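As a plain string of letters, each chain reads:
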Amino acid sequence: MSQKKELLFAKKLEEVRALAKDQGNTISEDQVKEAFAELELTSEQLQMVFDYLLKHKIGIGQTLNMDDFLTDEEKNYLQDYMDEIAALPTYTDGQIKAYSISAMAGDLDAQQKLIEVYLKDVIDVAKLYAGQGVFLEDLIGEGNVALTIGVGMLGSLEDPSEVQGMLAKMMMDAMEDYISENADNAKQDRKVADKVNVVADKARELAEELHRKVTMKELAEETGLSMKSIQDACRMSGYKIEDIDYAEDNV
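Residues numbered from 1 in each chain as written. Predicted model: local features only at pLDDT ≥ 70, side-chain atom pairs only at ≥ 80, totals over all residues. Heavy atoms only, no water.

## Details of the overall build of the protein
Along the protein, the regular secondary structure elements total ten helices and two strands. Relative to the compact-globule value of 18 Å for 251 residues, the protein shows a C-alpha radius of gyration of 25 Å, a clear excess of over 25%. For the C-alpha atoms alone, the extent of the protein along its principal axes is close to 75 × 50 × 25 Å. Counting all 251 residues of the protein, 37% fall into the buried class. Sequence-distant contacts in the protein: of pairs separated by 6 or more residues, those separated by 24 or more amount to 63%. (Helix = DSSP H or I, 4+ residues; strand = E, 2+ residues; numbered from the N terminus. Rg over C-alpha atoms; globule rule 2.2 N^0.38 Å. Buried < 20%, exposed > 50% of the residue type's maximum accessible area, 1.4 Å probe, protein only. Contact = heavy atoms within 4.5 Å.)

## Examining the packing of aromatic side chains
As enumerated under the stated definition, the model contains four aromatic pairs in all. With centroids separated by 5.3 Å and ring planes inclined at 45 degrees, the aromatic side chains of Phe9 and Phe36 adopt a geometry described as tilted. Residue Phe9 is found in helix H1 (residues 3-22), and its partner Phe36 is found in the loop between helix H2 (29-35) and helix H3 (43-55); the two are separated by 27 residues along the sequence. The class for Phe9 is partly exposed, based on a relative accessible area of 22%. Take Phe36: its relative accessible area is 2%, and that puts it in the buried class. When the ring of Tyr239 is compared with that of Tyr246, the centres are 5.5 Å apart and the planes differ by 90 degrees; the resulting orientation is edge-to-face. (Phe/Tyr/Trp six-rings, centres within 6.5 Å; stacked < 30°, edge-to-face > 60°.)

## Some points on helix H4 (residues 72-85)
Taking 1.5 Å as the rise per residue, H4 with 14 residues should run 20 Å; its terminal C-alpha atoms sit 20 Å apart, in good agreement. If you follow the buried residues of H4, they end up packed against helix H6 (108-129) and helix H7 (136-150). (Expected span 1.5 Å × (residues − 1).)

## What about the packing of H4 against H6?
Two elements in contact, H4 and H6, have axes whose closest approach is 11 Å; the angle formed by their N-to-C orientations is 165 degrees. Relative to H6, the element H4 lies roughly antiparallel. Crossing hand, H4 versus H6: left-handed. Counted together, Leu78, Tyr81, Met82 and Ile85 of H4 and Leu119, Lys120, Ile123 and Lys127 of H6 form the full contact between these two elements. (Axes fitted to C-alpha atoms, helices over the stretch in contact; angles between N-to-C directions. Parallel < 35°, antiparallel > 145°, perpendicular 65-115°, else oblique. Left-handed = near helix turned anticlockwise from the far one by under 90°.)

## Re the nonpolar core
Formed by 41 residues in total, the largest nonpolar core has its most connected members in Leu114, Tyr118, Leu147 and Leu154. Every element with two or more residues in this core is listed here: H4, helix H5 (93-104), H6, H7 and helix H8 (163-210). Of all the elements, H6 adds the most residues to this core, at twelve residues. Excluding anything up to four places from it in sequence, Leu147 contacts Ile115, Tyr118, Leu119, Val122, Leu167 and Met171. Counting residues in each nonpolar core, the second largest holds 16 residues, with Val196, Ala207, Val214 and Leu219 among its members. (Core = buried A, V, L, I, M, F, W, Y, C linked by side-chain atoms within 4.5 Å.)

Keep in mind that these numbers describe shape and distance, not what the molecule does.
Next up, the structure:
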């Protein structure tokens, strides 16, 4: 693919993601094919696009169950959090519209009511961004802050039907900004984990061969890993790589 086509491909991919986002994180096969029509993608290339979209939690022709993308730890946290907010009152569509109108006029009580209304929306939005190197709890926290700020900014709207969309966008923007700001830290954390895992795997293999824990010196001699990389990995793990005998190395 030429550089010109690669740039066009990237542009179209971003347009497809934006369209899917506007449609509740779903898009049809026909919409995808139409978006990439001028590039004349092969069936294999088109399948790569579909795989990419699914990886980014975009349903192809159907809405995905976002709970399927959560870890057990995230599910447990989410259940506890939902139990906490379950006691909040529920409101009819008519009440929500009335609160929206009042909130747009600056009524603080109505704005507080809207926070209660849309707290569950924060959870739904956070699920869309889970699995991107940050904690679900932090995403929900960022969304809640955005919601609290957003209800005080509704005066710029002309119609109460726009309230939910504006608040949802503010939640999404806040979570995307948080992920972007923490991306470097997340990458660094992954690098640390990778280094530790490599040393831990080598230590386990050698320990199984010798039928005992191994020293860092033995690990360096037998695996070709540098002593510094082994020492760094041990330090990063808090000296918890279980197959290494730290006492023998006088750590």
